[in-house]
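Chain residues, written in single-letter form:
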Amino acid sequence: MTLITYRTRIHFADGVLEEALRSEMELNGKRRPMIVAEELHISGDMSDRFLSSFPIRVRAECFSAVPHRASETAARSIAKIYLEADCDLLIAYGSSRAMDLAKVARVAIAYDEPIETLSAEEGGAQRISNLLPDLYSVPSILGFASAITDYTRVKLDNGGQVLLSSRHLIPTVAICDPTLTIGASPEQSACAAAGILARSVDGYLSPSYNPPADGMALDALRRVVKNVARVVEDDDLNARREMMASGLNSSLALHDGPRAIHAICNAIASVSDFPVDPSALGGVLIPQLARTYEQVETRRIADVCRSLSLHEGETLSDGLTRIVGDLPLAQNLSDLGVSGASLGRAAELAARDRAIAKAPLHLDAKLIRGMLEASHGQLETKKTASA
C-alpha cells in the first residue's frame, strides 16, 4: 500500500480500498460512519465491495439524495441524521458532487450559525476550525475535482451561493483505488480527462508562485494526454492508474483554491435551467481560455505545450481543441444544452467571482462573454450565416 502524506493522508494503490478504509477506521476508533454517495454508487456494481470494507460491528447511515450542486438544504439534512444517529465519521464515495456536499455537511454539523456567515467572503477561511468531523473521501473516476481540495461552493436556501474555503475542509483521508474506476463508461472517462486538462492548464498558467504545484500540474498533463485514449477505449488498468494519478496531481496543484476556469464553469452551471457537468464545461471552455491567455503568456504556455506533446507549430489553444475534439464529449456549450440567452448573466456572475482574479490577465464580463459566445456553437453558426 502506498501512503502519501501531502496536504492529507492519501492511500494510493490498486485494490487498496478494503485495507485502507478498514485500517483508518480501526486506527481512529470510528464505529458510526455516515456515507454520502449518489444512488448509483450505493446500489451499483461496486457497492457490495465498498460496504464490505468496513470493520465488523460497524453500522453505517447513508445519504444518497445528492443534488447536482451542493446545497444548504441537503447539508442540513445530512447534519440532522448525523447528529441524531450519533455518527462519528463522514465518508464521501463516488463523484465530486458527493465530496462537495460532504464538505458542506461538515460545516453544518460543527456550526449552528448560517452557512453564509462562514463563507470565504465573510472570513470563513480563518473561522472554520478543526472542530469539523472527520471526512474520508473515496473518489471514483469523476471524484478528483473535490477529493483532496480545500474548498466547495454551496447553494444557499435563499437562492444565492457562496464559496467555503479553509484548509480544514481538506478530507482527513483520501483513498485512491484505480480499480474503482474499472467499468466507467467512455463518456465518464472522457469527462474526467477534460476536467484534468482544464484544472491543470489553468492551474499552471495562474500567476501565483508555487514550484511544487507547478510540477504537479505539468505532470498531470503529461499523464492524461498519454493515457486518455486507452482509458476511453478499454479498461486497461495501467492507463486507469495513470489517469487517477493525473487527477490527483491536478487537484494537488490547486494549492490556493479555484481558478478562473472554475469561476466561469460555476457561473454557467448557476444560470443553466438544468444540470451541466462542470468537467464537461471545462473541456469545452479551456481552449478558448487558453486562446485568451495566449495574448499575454509565452514561456509558461510553452511549458504546457511541451507537457501535452503538441505538434510542432501548434498553439496551445489549437492543441487543446484537437485533444478535446478527440474525446466522446460535447464540443460546444450548445451541445451541453447551455442557452445562448444565459451567457450574459453567466459572464457577469463569473466576473464577480473571487477566483477570476487568478487568471494571468484581467478578465472582465465583456471578455468572458466573448469567450462564452465563441464556445457556444449555435451563436457562431448564426453569426457566420448572417455574415
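This structure is a prediction, so every number in the text was calculated from the model and none was measured.

(A) Up close: the overall build of the protein. The secondary structure content of the protein amounts to 16 helices and nine strands. Against the compact-globule benchmark of 21 Å for 387 residues, the protein has a radius of gyration of 20 Å, which places it among compact chains. Residue burial in the protein is summarised as follows: out of 387 residues, 58% are buried. On the protein, roughly 15600 Å² of surface is accessible, and the fraction owed to carbon and sulfur atoms is 51%. Averaging the coordinates of the 40 positive side-chain charges in the protein and doing the same for the 49 negative ones gives two points 3 Å apart.

(B) Structural detail: the pairing of strand β2 (residues 8-12). Counting buried positions along β2 gives four out of five residues, so the element sits mostly inside the fold. Hairpin connection between strand β1 (residues 2-6) and β2: a loop of one residue separates the two successive antiparallel strands, and Arg7 in this loop has a positive phi of roughly 75 degrees. Where β2 and strand β9 (residues 173-176) come together, four bridges link them in parallel fashion. Directly across from Phe12, in β9, lies its bridge partner Cys176.

(C) Summary view of the pattern of salt bridges. Throughout the structure, instances matching the rule amount to 25 salt bridges. Here Arg241 and Asp14 are joined by a salt bridge, their closest N and O atoms 2.6 Å apart. Residue Arg241 is found in helix α9 (residues 237-252), and its partner Asp14 is found in the loop between β2 and α1 (17-27); the two are separated by 227 residues along the sequence. Residue Asp14 is classed as partly exposed on the basis of its relative accessible area of 35%. Note that Arg32 and Glu61 form a salt bridge whose closest N and O atoms lie 3.0 Å from each other. Of this pair, Arg32 sits in the loop between α1 and β3 (33-36) while Glu61 is found in strand β4 (residues 61-63), placing the two residues 29 residues apart along the sequence. Its relative accessible area of 22% is what places Glu61 among the partly exposed residues. Because the salt bridges share partners, they merge into one network encompassing Asp219, Arg222, Arg223 and Glu242.

(D) Seen up close, the sheet that holds β9. Pairing in this open sheet of seven strands is mixed, and the strands run β1-β2-β9-β6-β5-β3-β4 from one edge to the other. Two strands bound the open sheet, and with one partner strand each, they are β1 and β4. The sheet shows a mean angle of 20 degrees between the axes of neighbouring strands, direction not considered. Both β3 and β4 contribute to a ladder of three bridges, which runs parallel. Its bridge partner being in β4, Met34 is matched across the sheet by Glu61. Here helix α4 (residues 72-84) sits on the sheet in contact with β3, β4 and β5 (89-94), set at roughly 170 degrees to β4. Along the sheet, helix α5 (residues 96-110) contacts β3, β4, β5 and β6 (135-139); its crossing angle with β5, the most-contacted strand, is approximately 165 degrees.

(E) Region of the structure containing the side chain of Ser206. Along the polypeptide, Ser206 turns up in the loop between α7 (186-205) and α8 (211-233). On the basis of relative accessible area, Ser206 is assigned to the buried category, the value being 2%. Setting aside its immediate chain neighbours within four residues, Ser206 contacts Arg259, Arg300 and Lys358.

(F) Structural detail: the side chain of Asp353. With respect to the secondary-structure elements, Asp353 resides in the loop between α14 (343-351) and α15 (365-374). The class of Asp353 is buried, set by a relative accessible area of 13%. Within the local environment of Asp353, its side chain forms a polar contact with the side chain of Arg153, the two groups lying 2.9 Å apart. Other than its neighbours up to four places away in sequence, Asp353 contacts Arg153, Ala263 and Asn266.

(G) Molecular detail of the pairing of β9. What you see with β9 is no split at all: Val173 and Ile175 on one side and Ala174 and Cys176 on the other are buried throughout. Note that β6 and β9 share two bridges and pair parallel. When the sheet's bridge partners are listed, Ser137 is paired in β9 with Ala174.

(H) Structural context of helix α10 (residues 260-271). Between the first and last C-alpha of α10 there are 17 Å, a value that for 12 residues agrees with the 16 Å anticipated at 1.5 Å per step. By the criterion of burial, α10 is predominantly enclosed, with 11 of the 12 residues buried. The set of residues buried in α10 consists of Ala260, Ile261, His262, Ala263, Ile264, Cys265, Asn266, Ala267, Ile268, Ala269 and Val271. Against β7 (151-155), β8 (161-165), α7, α11 (278-293), α14 and α15 lie the buried residues of α10.

(I) Inspection of the packing of aromatic side chains at higher detail. Under the criterion given, the structure shown has two aromatic pairs. Ring centres 5.6 Å apart and planes at 75 degrees place the aromatic pair Phe50 and Phe54 in the edge-to-face group. A residue is classified by how much of its surface remains accessible, and Phe50, at 1% relative accessible area, is buried. Plain terms: the ring middles of Phe50 and Tyr93 are 4.0 Å apart, the flat faces sit at 5 degrees to each other, and that makes the pair stacked. Placement of Phe50 in helix α3 (residues 47-51) and of Tyr93 in strand β5 is noted, with a sequence separation of 43 residues between them. Each member of the pair, Phe50 as well as Tyr93, is classed as buried. One aromatic cluster in this structure is built from Phe50, Phe54 and Tyr93.

The rules behind each value
Residues numbered from 1 in each chain as written. Predicted model: local features only at pLDDT ≥ 70, side-chain atom pairs only at ≥ 80, totals over all residues. Heavy atoms only, no water. Helix = DSSP H or I, 4+ residues; strand = E, 2+ residues; numbered from the N terminus. Rg over C-alpha atoms; globule rule 2.2 N^0.38 Å. Buried < 20%, exposed > 50% of the residue type's maximum accessible area, 1.4 Å probe, protein only. Areas by Shrake-Rupley, 256 points an atom, 1.4 Å probe, with all protein chains shown as cover. Lys, Arg positive; Asp, Glu negative; His and termini not counted. Charge placed at Lys NZ, Arg CZ, Asp CG, Glu CD. Pairing = 2+ DSSP bridges. Salt bridge = Lys/Arg side-chain N within 4 Å of Asp/Glu carboxyl O. Axes fitted to C-alpha atoms, helices over the stretch in contact; angles between N-to-C directions. Contact = heavy atoms within 4.5 Å. Polar contact = N/O pair within 3.5 Å; in protein donor to acceptor, adjacent residues only side chain to side chain. Expected span 1.5 Å × (residues − 1). Phe/Tyr/Trp six-rings, centres within 6.5 Å; stacked < 30°, edge-to-face > 60°.

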